[in-house]
Amino acid sequence: MAFLRVIPILYVASCSLAVVKENFKTCEQSSFCRRLRGFKAEVSPYQLDLTDLLVTDNALETKLINTETNSHFKVSLSAVHGDIFRIQVDEVMGLYPRYNPQYALNGEPQPAKLRVVDKSKEHITVQYSDNKATLHAKPFKVEFVKDDNLVAVLNSRGLFHFEHYRTRPTESENEVEHQKIEDPGAWEENFKSHHDSKPKGPSGIAVDITFPGAMRAYGLPEHADKLPLRTTNGGEPYRLYNLDVFEYEVDSPMAIYGAVPVLYAHSPKHTVGFFWHNAAETWIDITNSKDENVMSSLVNLVSGSKESSVSAHFISESGIMDMFVLMGPKPRDAVKQYASLTGVAPLPQYFTLAYHQCRWNYNDQDDVTSVVANFDIHDMPVDIMWLDIEYTDGKKYFTWDPVKFPNPDEMVNNLTSTGRKLVVIIDPHIKREAGYFLHEDAVANDYYVKNKDGTVYEGWCWPGSSSYLDFYDPKVVDYYKGLYAFDKFKGTTDDVYIWNDMNEPSVFNGPEITMPKDCIHHGNWEHRDIHNEYALSHTIGTFKGLVERSPTRRPFILTRGHFAGSQRYTAMWTGDNAADWSHLAISYAMCASEALGGISFCGADIGGFFGNPDMELLQRWYQAAVWLPFMRAHAHIDTRRREPYLFSEDVKNRVRIALRLRYAHLPLWYTLFYEHETTGEPVIRPLFYEFPEEAEVLDIDNEILVGNAVLARMIAEPGVSTISVYLPGGPTEQWYDIEDFKMYQGGTHNIPVSLDKIVAFYRGGNIIARKDRPRRSSSLMHNDPFTLYVALDNKQTASGTLFVDDHASFEYRAKKYLYLHLEYADNTLTSNLIDKTDYPTKEWVERVVIFKPPPGVKAATLTSKTLGTVDLEVAYTREHKALVIRKPGVNIREPFSIKLY
Ligand SMILES: *[C@@H]1O[C@H](CO)[C@@H](O)[C@H](O)[C@H]1NC(C)=O
């Protein structure tokens, strides 16, 4: 949760929901952003010296010179497996080493073979598959060509700039400089000891990249903004700087909790991605030719035509320049290319996809018990209870409040004996209190982040005076992971999981509510270098702790701060939103953007964290949240209780239906997460991802696709009785309303909606496996049978997949799973295993429902090895909109076919 009214000098408590913008910098107030945004050159002063060229199998390296300052840089261009180019620029003989993020990449990118196809003093062209890159010398520029189309140009606008560290040794320190050449390490030490208190000087980096032909740019999470990135010229750039922004506002490029510096430039013809691998504060200006006349000259410059174009200007405070160009050609390709670099989310446990109930705070152990009991009494499913900071003894993490939670073991056992789980919060700030074991260990063993003078940094957070663990130090991670052991964190069991909040890090009395940039981390890195990566380093420690603690369970962690690569360890949520229609409305866009940034496991707090939602908003929020990967309700300590069983029968019933719909689709979510791990495809997808050729979908962000089979349209407008929904795919595409099975063709439709209505469609051509028996929690559904929903396309065919395993362990990595291919064609439904694997299960097929079935079906027969051939009952329902096949009864482990007659 966000810092609230703790330091009245900084925060004026207000009743209306509004961010205090004065707490956060504008580009103008950020000196490097102002400097580099203002850097303009008629002609870029940067030139390559292509006579100084080294070519290897996978890369070429050459020299770059700023002709105005005569400073020298090294440029390398390499090919990365999977249609990716990487360009790195660093200083030659820089005064200080520059930082390159340590945790974002999922290992070293795999090199691919690169061939020089053309070369002169003025340029050099290399080729890799159907991708080409041309380095131009005067001025420096790099063109990227896919399949003979120019798709991206680096430094076409001449905004490339690389600030040399300017604080050079004075004459009397020349000796030191000589020493550096012989032994850079010793020099660093020596120089640092002389210069500790001196600022290093400007070290910003910036570059522009233009995408000829692109119509939209997407990505760059996290912002509370619409899915397509807006033109920022004349306004604030998008900012990436992990911050605890109290009452963030929507439709804003302001920085919030997370930073994933990847963007995608898209047109119906081509999609190309750009990953700016940098963990420092970053600002990005976007210019889209559709918004501006100023772009036209620039577009002409690039492509010689008046075609559309998008351009981005990346500005970071420090670090080396490390860029990946993801060559596409379709959104699916570019997103998978990004996943190949930063990794995927490992398959989460099944229960994590169910409904989570959170509040700041459940007051005591009886409160926890009674909330769950009430869910049971009111017949609403819930899987996970959450405890916010008040469960601790005085905000000392890894402890329990002795009065409110005197018997955590018993509470946890009571909870988990009903199949439920617990998640407790663990933040990275540590209370500075004598006698607190963690603080004493940290002081004794030097685990904390330092001030620039080498003393331990102290900030203010929930516990009061706090220090911050330095996860950049391997010994700290070693220590930290051990804290999650059952004998250390008493009261926890295999069924207790972790919420890492406040890890931007949030520091109530720090600049912009975070850690000062001149704090020092292990390896001598300044906080400014690593800031956006700190939360990731925190969750890696937690992940290791959970794996060691419970080696047979897949960890579950929720984080607020995040960076590129966080998906490998943790789920995230959109932080402290508000009980406001605008915050519901932005939730799909925010999570879709995260999913494009590799982080599919995303949700927004149902009901809104701040404020009290009215009943209509609360119900609409539950209905919309059915279709986001992480489904949690959460509320601020000052809000009225809003557990869904507290309301009228009508409201309870609508929430119950929404929750049951979620639980019915858990097999779909689970299968999609499995496929995400194996393919890198996002679990939720904006429409343009599946329909890249359709111009109509470019700006749609109140609809989302769950995999490729479900389209959900949120209702974030109060008091509506009709909504408009765009169904992509054109007139040959068939979409089925999941409630009344009514078929719609692609196009825009106005649909009447009552408060009961959840607007969602199955796409024709898909088979969706559901579990429709209502239960109290997902663990009770494990052996329940499936209903297969067959949504036929206009060729009367459909297909789908289903993943089944033990829901919890790593055994699926040892081939203990079933992965089914379901197919419907020629009036026959078949099921076969995709992989040669096995998992013994009691799950079976209870029912098949076929949408837009063939007419005149009188009977069906099932054939399988153990059942032989069996006659099945069939019946048309809903005015012949669907055909139901009853009780096939076959275990899903067994291949089968069902033929209609
Ligand atoms: C656990 O459940 C038992 C039996 O219902 C109850 O008596 C006890 O108070 C519960 N303990 C806690 C800590 O919730």
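Predicted, not measured: the structure shown is a model, and the values here were computed from it.

What counts, and where the lines are drawn
Residues numbered from 1 in each chain as written. Predicted model: local features only at pLDDT ≥ 70, side-chain atom pairs only at ≥ 80, totals over all residues. Heavy atoms only, no water. Helix = DSSP H or I, 4+ residues; strand = E, 2+ residues; numbered from the N terminus. Rg over C-alpha atoms; globule rule 2.2 N^0.38 Å. Buried < 20%, exposed > 50% of the residue type's maximum accessible area, 1.4 Å probe, protein only. Contact = heavy atoms within 4.5 Å. Areas by Shrake-Rupley, 256 points an atom, 1.4 Å probe, with all protein chains shown as cover. Lys, Arg positive; Asp, Glu negative; His and termini not counted. Charge placed at Lys NZ, Arg CZ, Asp CG, Glu CD. Core = buried A, V, L, I, M, F, W, Y, C linked by side-chain atoms within 4.5 Å. pLDDT = per-residue confidence, 0-100. Disulfide = S-S within 2.5 Å. UniProt positions renumbered as here; feature names shortened; annotations may be inferred. Pairing = 2+ DSSP bridges. Axes fitted to C-alpha atoms, helices over the stretch in contact; angles between N-to-C directions.

1. Remarks on the overall build of the protein chain
Secondary structure assignment for the protein chain yields 16 helices and 52 strands. Its C-alpha atoms give the protein chain a radius of gyration of 28 Å, within 12% of the compact-globule value 29 Å for 901 residues. Expressed along its principal axes, the backbone C-alpha trace of the protein chain runs to roughly 95 × 70 × 50 Å. Of all 901 residues assigned to the protein chain, the portion counted as buried reaches 64%. Nonlocal contacts in the protein chain, meaning residues at least 24 apart in sequence, comprise 72% of its contacts between residues at least 6 apart. Within the structure as shown, the protein chain displays about 31100 Å² of accessible surface, and the carbon and sulfur contribution to it stands at 50%. For the protein chain, the distance from the average site of its 94 positive side-chain charges to the average site of its 119 negative ones is 4 Å.

2. Side note on the nonpolar core
Grouped together as the largest cluster of nonpolar side chains are 287 residues, with contacts concentrated most on Phe144 and Trp627. Among the elements that make up this core, the one with the highest residue count is helix α12 (residues 581-596) (ten residues).

3. Digging into the confidence of the model for the protein chain
For the protein chain, mean pLDDT is 93; residues scoring 70 or higher make up 93% of the total. Throughout residues 4-15 the model reports pLDDT below 50, and contacts reaching past four residues in sequence, or to other chains, amount to 22 contacts. Below pLDDT 50 for its whole length, residues 167-197 participates in 30 contacts with residues either more than four positions away or in separate chains.

4. Some remarks on the state of the cysteines
On inspection of all chains with the given rule, the structure shows two disulfides. Through a disulfide, cysteine 27 is tied to cysteine 33; the S-S separation comes to 2.1 Å. Here the disulfide of cysteine 27 and cysteine 33 is left-handed, its torsion about the S-S bond being about -95 degrees. The two residues cysteine 27 and cysteine 33 agree in class, both being buried. Covalent S-S linkage joins cysteine 591 and cysteine 602, the inter-sulfur distance amounting to 2.1 Å. Negative torsions about the S-S bond denote left-handed disulfides, and the value of about -70 degrees found for cysteine 591 with cysteine 602 makes this one left-handed. Here the residue cysteine 591 occupies a position in helix α12, and cysteine 602 occupies one in strand β32 (residues 602-603), the gap between them amounting to eleven residues. By relative accessible area, which is 0% here, cysteine 591 ends up buried. Described in terms of the sequence order of its bonded cysteines, the disulfide pattern of the protein chain is 1-2, 3-4.

5. Here we look at the UniProt feature "domain: Glycosyl hydrolase family 31 C-terminal" (unreviewed entry) in the protein chain
Mapped onto this numbering, the UniProt entry annotates "domain: Glycosyl hydrolase family 31 C-terminal" (unreviewed entry) at residues 680-768. Secondary structure across residues 680-768 divides into 4% helix and 42% strand, with the first and last C-alpha atoms of the span separated by 21 Å.

6. Describing the sheet that holds strand β33 (residues 631-633)
The eight strands are arranged β32-β31-β29-β26-β22-β21-β20-β33 in an open sheet whose pairing can be described as parallel. Lying at the two open borders of the sheet, with one neighbouring strand each, are β32 and β33. Pairing geometry for strand β29 (residues 557-559) and strand β31 (residues 571-573), over two bridges, is parallel. Bridge pairing in β31 places leucine 558 opposite alanine 571. Set on the sheet, helix α7 (residues 408-416) makes contact with β21 (384-387), β22 (421-425) and β26 (496-500); between it and β22 the angle comes to about 135 degrees.

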